Amino acid sequence: MISVALADDHKLFRDGLRQIIDIQSDMKVAWEAKDGLETIALLKKSDCNVLVMDLLMPRLGGSELISKAVQIRPNLPLIVLSMYDEKPYVLESIRAGASGYITKTSPSVELLDSIRHASRGDFFLCSAVSMYMKDILKNSNVQPLHTKLTRREDQVFRLLIAGKRVNEIAQSLCLSQKTVSTHKASVQEKLQAPSLPDLVKYALKHGLALNDTL
């Protein structure tokens, strides 16, 4: 059962989210917060598997709230649920440590998908945001780190950011799981990305498509 925490300053909206989540067989709402400071206080004393939070709330919000939440619970997946779909808000959230970004105009199925993905340690962007994120930050004069990957490492990297698991990559590339794990560790070291969400953030930053085309 996925334990979900909700942080939003509009009670009516939180009530709607709770209804959507609580009717699912695999998740439930653990607690709610109405502002940034209450979110931080509850994170320190109450448990949850995933935090779904509004980006701009009273008494602490935005990247500052995300950063503080990550400091308190570094392994807790954090999904931003915001009315804003502009690139600066999305990028600010991802760079601060968010594991996903959903707009409030997204269908409920995308919210539920994001919670399930986040609980597994995966990164998630709603369709409205992911459509344009691959085009960001392409104009860089610095040679990106992924250009130093070997051909096999690059294949593993692109399958990882497409959401494939080690056993699926091994089967796809006709390699052992141990070999894939070795390549994965090398990719993470070369890209300075200690986790899968960090790999996805790197891919988004450098305009790499989040699909499994090799």
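Nothing here was measured: the structure is a model prediction, and the numbers come from that model. (Residues numbered from 1 in each chain as written. Predicted model: local features only at pLDDT ≥ 70, side-chain atom pairs only at ≥ 80, totals over all residues. Heavy atoms only, no water.)

A closer look at the overall build of the protein chain
- Summing up its helical and strand segments, the protein chain has 10 helices and 6 strands in all.
- In summary, the protein chain has a C-alpha radius of gyration of 18 Å against a globular reference of 17 Å for 214 residues, a match within 12%.
- Its C-alpha atoms give the protein chain principal-axis dimensions of roughly 50 × 40 × 30 Å.
- Put simply, the protein chain has 214 residues, and 46% of those count as buried. (Helix = DSSP H or I, 4+ residues; strand = E, 2+ residues; numbered from the N terminus. Rg over C-alpha atoms; globule rule 2.2 N^0.38 Å. Buried < 20%, exposed > 50% of the residue type's maximum accessible area, 1.4 Å probe, protein only.)

Some points on the confidence of the model for the protein chain
- Taken over all residues, the pLDDT of the protein chain has a mean of 87, while the share at 70 or more is 92%.
- When the criterion is pLDDT under 50, residues 137-142 qualifies, and its contacts beyond four places in sequence or with other chains add up to 3 contacts. (pLDDT = per-residue confidence, 0-100. Contact = heavy atoms within 4.5 Å.)

A closer look at helix H4 (residues 87-96)
- Among all positions in H4, only Val-90, Leu-91, Ser-93, Ile-94 and Ala-96 are buried.
- Backbone geometry just downstream of H4 places Gly-97 in the positive-phi region, at approximately 125 degrees.

Considerations on the packing of helix H1 (residues 11-22) against helix H5 (residues 108-119)
- Two elements in contact, H1 and H5, have axes separated by 11 Å at closest approach and are oriented at 70 degrees. Accordingly, the angle class assigned to the pair H1 and H5 is roughly perpendicular. In the packing of H1 onto H5, the handedness of the crossing is right-handed. Across the interface between the two elements, Leu-17, Ile-20 and Ile-21 from H1 touch Ser-108, Leu-111, Leu-112 and Ile-115 from H5.
- Of the residues assigned to the contact of H1 with H5, the class counts are 6 nonpolar, 1 polar and no charged. (Axes fitted to C-alpha atoms, helices over the stretch in contact; angles between N-to-C directions. Parallel < 35°, antiparallel > 145°, perpendicular 65-115°, else oblique. Left-handed = near helix turned anticlockwise from the far one by under 90°. Nonpolar A, V, L, I, M, F, W, Y, C, P; charged D, E, K, R; others polar.)

A few points about the sheet that holds strand S5 (residues 100-103)
- Here 6 strands make up an open sheet; going across it, the order is S2-S1-S3-S4-S5-S6 and the pairing parallel. In this open sheet, the two edge strands, each paired with only one partner strand, are strand S2 (27-33) and strand S6 (124-125).
- Taken together, the 4 bridges between strand S4 (residues 78-82) and S5 define a ladder with parallel strand orientation. Looking at S5, one finds that Ser-82 is bridged to Thr-103.
- Packed onto the sheet, H1 meets strand S1 (2-7), S2 and S4 and runs at close to 160 degrees relative to S2. (Pairing = 2+ DSSP bridges.)

Some points on the side chain of Ser-3
- Counting through the fold element by element, Ser-3 comes out in strand S1.
- Not counting residues up to four positions away in its chain, the partners in contact with Ser-3 are Lys-28, Ala-30, Asp-47, Cys-48, Asn-49 and Val-50.

Quick notes on the packing of aromatic side chains
- Taken as a whole and assessed by the stated rule, the structure comprises 2 aromatic pairs.
- Summarising the aromatic geometry, the rings of Tyr-84 and Tyr-89 are spaced 4.5 Å apart at their centres and angled 20 degrees between planes, so their arrangement reads as stacked.
- Overall, Tyr-84 belongs to the partly exposed group, its relative accessible area being 26%.
- You can call Tyr-89 partly exposed: its relative accessible area is 27%.
- Measuring from ring centre to ring centre gives 6.2 Å for Phe-157 and Tyr-202, while their planes differ by 70 degrees; the resulting arrangement is edge-to-face. Taken as a pair, Phe-157 in helix H7 (residues 151-161) and Tyr-202 in helix H10 (residues 196-205) lie far apart in primary sequence, 45 residues in all.
- Given the relative accessible area of 0%, Phe-157 is considered buried.
- A cation over a ring is seen here: Lys-104 above Phe-13, with NZ or CZ 4.5 Å from the ring centre. (Phe/Tyr/Trp six-rings, centres within 6.5 Å; stacked < 30°, edge-to-face > 60°. Lys NZ or Arg CZ within 6 Å of the ring centre and 35° of its normal.)

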